[in-house]
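# Overview (structure and organization)
So the chains spell out like this:
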Amino acid sequence: MEETRLPRQPRPARAAYAVFRPIQTRWMDNDVYGHVNNVVYYSYFDTAVNGWYVDAGLLDVATSPVVGLVVETSCAYFESVAFPDALEAGIAVARLGSSSVTYSVGIFKAGAPEAAAAGRFTHVFVSRENSRPVPIPEDTRAALERLARAAPPPPP
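Treat the numbers as computed from the prediction; the structure is a model and nothing was measured. (Residues numbered from 1 in each chain as written. Predicted model: local features only at pLDDT ≥ 70, side-chain atom pairs only at ≥ 80, totals over all residues. Heavy atoms only, no water.)

## Re the overall build of the chain
In terms of helices and strands, the chain carries 2 helices and 5 strands. Walking the chain from its N terminus toward its C terminus, one meets helices and strands in the order β-α-β-β-β-β-α. Taken over C-alpha atoms, the radius of gyration comes to 16 Å for the chain, in line with the 15 Å a tight globule of 156 residues would show. Viewed in the frame of its principal axes, the chain has a C-alpha envelope of about 45 × 40 × 30 Å. Burial status across the chain gives 44% buried among its 156 residues. Contacts spanning at least 24 positions in sequence make up 72% of the contacts within the chain whose residues lie at least 6 apart. Carbon and sulfur atoms form 55% of the exposed surface of the chain, whose accessible area is close to 8,500 Å². Across the chain, the 14 positively charged side chains and the 16 negatively charged ones have centroids separated by 3 Å. (Helix = DSSP H or I, 4+ residues; strand = E, 2+ residues; numbered from the N terminus. Rg over C-alpha atoms; globule rule 2.2 N^0.38 Å. Buried < 20%, exposed > 50% of the residue type's maximum accessible area, 1.4 Å probe, protein only. Contact = heavy atoms within 4.5 Å. Areas by Shrake-Rupley, 256 points an atom, 1.4 Å probe, with all protein chains shown as cover. Lys, Arg positive; Asp, Glu negative; His and termini not counted. Charge placed at Lys NZ, Arg CZ, Asp CG, Glu CD.)

Listed below in structure tokens is the structure:
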């Protein structure tokens, strides 16, 4: 049986992201191989994106009537990171729909020119009351439009 290889995603540079958020690795993030375990990167994505919403005044995690639910994530890895590395998560909007947004997220060692990992993270906006999709609120859409810049293509 012949192996089919997907094209490798290019390693994104800092310029591909509109905003950066600090992330501190934790002792528990490391796995038995001595580096941050692959599943932890998805937590970094979630923390970076939702932290941006909270800091921008767009999300109150307890009371906002509209919330974003994650419906898809993916990640490509280029370089290991490990505790006690200080990291930065770069965020950009790759696609903005009527009720959903796909972010490009890059995980960088603090100050590094290229991402150690890069992925995509998609939210669908729903009513907290019934979990049904709703249009992205106008203030949120305006903020997301500011993050929409030349972003790396999302990984397959």
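Back to the text.
## Digging into the packing of aromatic side chains
Geometrically, a pair of aromatic rings is defined through the distance of the ring centres and the angle of the planes. A complete count under the given rule lists 11 aromatic pairs for this structure. Taken together, the ring pairs in this structure connect Trp52, Tyr53, Tyr103, Phe121 and Phe125 into an aromatic cluster. Directly above the aromatic system of Phe20 lies the positively charged group of Arg14, at a separation of 4.3 Å from the ring centroid. (Phe/Tyr/Trp six-rings, centres within 6.5 Å; stacked < 30°, edge-to-face > 60°. Lys NZ or Arg CZ within 6 Å of the ring centre and 35° of its normal.)

## Observations concerning the side chain of Thr25
Looking at the secondary structure, you find Thr25 in the loop between strand E1 (19-24) and helix H1 (38-55). With relative accessibility at 2%, the residue Thr25 sits in the buried group. A polar contact is formed between the side chain of Thr25 and the side chain of Gln24, at a distance of 3.5 Å. At 2.6 Å, the side chain of Thr25 forms a polar contact with the backbone oxygen of Asp85. Those residues within four positions of Thr25 in sequence are excluded, and the remaining contacts are Val36, Tyr44, Ala82, Phe83, Pro84, Asp85 and Leu87. (Polar contact = N/O pair within 3.5 Å; in protein donor to acceptor, adjacent residues only side chain to side chain.)

## Focus on H1
Relative to the 26 Å expected for 18 residues at 1.5 Å per residue, H1 spans 27 Å between its end C-alpha atoms, a close match to the ideal helical length. For H1, the full list of buried residues reads Val40, Tyr41, Tyr44, Phe45, Ala48, Val49, Gly51, Trp52 and Tyr53. In this fold, the buried residues of H1 make contact with E1, strand E2 (66-77), strand E3 (86-96), strand E4 (100-109), strand E5 (117-127) and helix H2 (138-147). Trailing H1 by a residue or two, Gly57 shows a phi angle of about 75°, which is positive. (Expected span 1.5 Å × (residues − 1).)

## What to know about the nonpolar core
Core analysis: the largest hydrophobic core is formed by 34 residues, its most contacted members being Tyr53, Tyr103, Ile107 and Leu144. Elements represented by at least two residues in this core include exactly H1, E2, E3, E4, E5 and H2. The element best represented in this core is H1, accounting for 8 residues. Not counting residues up to four positions away in its chain, the partners in contact with Leu144 are Trp52, Tyr53, Val93, Leu96, Val101, Tyr103, Phe125 and Ile136. (Core = buried A, V, L, I, M, F, W, Y, C linked by side-chain atoms within 4.5 Å.)

## Quick word on the side chain of Arg120
Mapped onto the elements, Arg120 comes out in strand E5. Arg120 gets classed as buried once you look at its relative accessible area, which sits at 17%. A polar contact of 2.3 Å, which involves the side chain of Arg120, links it to the side chain of Glu72.

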